[in-house]
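Take a look at the letters that make up each chain.
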Amino acid sequence: MDYIFETRIAVRDYECDIQGIVNNANYMHYTEHTRHLFLRQLGLSFADLHRRGIDAVAARMNMQFKIPLRGEDVAISRMALRKEGLRYVFTHHIFRESDERLCFRSEVEIVTVVDGKLSMCDELDKAFERYIAKE
């Protein structure tokens, strides 16, 4: 996998359920946080895009849970990107830092709604151009 971005995320105790493992919903937060940091690295923000009438929204998610993260673990969130028609498809792999074991993988399909209509987004196309995997 050719990753285009990675970040480390410290697991916080309150993200864990009664079994002491990260609650499934938090993995979606981790992937969203990774995408937001990636966008910031490009000089963009979801909030600013929204103020200008551009909303990047999740259309579909496919998630696979492999091994659990636990409180006090550090996760490494790695991301790849490709484009399929109107959709930006982000592949996320989350590893446990201590042993590099894959804990979670997902594909998140993002579409853009510009001024209330589903459409292409030239600004994101340009920003992502050098990162989008060529088929």
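Anything mentioned here points back to the structure above.
Residues numbered from 1 in each chain as written. Predicted model: local features only at pLDDT ≥ 70, side-chain atom pairs only at ≥ 80, totals over all residues. Heavy atoms only, no water.

A.B. asks: Explain the nonpolar core here, please?
C.D. replies: Side chains that are nonpolar tend, in soluble globular proteins, to be buried together. In terms of nonpolar packing, the biggest core is built from 19 residues, with Ile4, Phe38, Leu81, Tyr88, Phe90, Leu124 and Phe128 touching the most fellow members. Among the elements of the structure, α1 (24–41), β3 (74–84), β4 (87–96), β5 (101–114) and α3 (122–128) are those that each provide at least two residues to this core. Examining the composition of this core, we find that three residues originate from one element, α1, more than from any other. Excluding residues within four positions of it along the chain, Phe38 makes contact with Ile4, Phe5, Met79, Phe128 and Tyr131. Grouped together as the second largest cluster of nonpolar side chains are twelve residues, Tyr30, Leu69, Ile94 and Cys103 included. (Core = buried A, V, L, I, M, F, W, Y, C linked by side-chain atoms within 4.5 Å. Buried < 20%, exposed > 50% of the residue type's maximum accessible area, 1.4 Å probe, protein only. Helix = DSSP H or I, 4+ residues; strand = E, 2+ residues; numbered from the N terminus. Contact = heavy atoms within 4.5 Å.)

A.B. asks: Just to check I follow, could you spell out the side chain of Asp73 for this structure?
C.D. replies: Looking at where Asp73 falls in the secondary structure, it is placed in the loop between β2 (54–65) and β3. With no salt bridge to any partner, buried Asp73 finds its closest opposite charge in Arg96, at an N-O distance of 4.7 Å. Looking at Asp73, its side chain comes within polar contact range of the main-chain nitrogen of Arg70, at 2.8 Å. Aside from chain neighbours lying at most four places away, what touches Asp73 is Ile9, Ala10, Val11 and Arg96. (Lys, Arg positive; Asp, Glu negative; His and termini not counted. Salt bridge = Lys/Arg side-chain N within 4 Å of Asp/Glu carboxyl O. Polar contact = N/O pair within 3.5 Å; in protein donor to acceptor, adjacent residues only side chain to side chain.)

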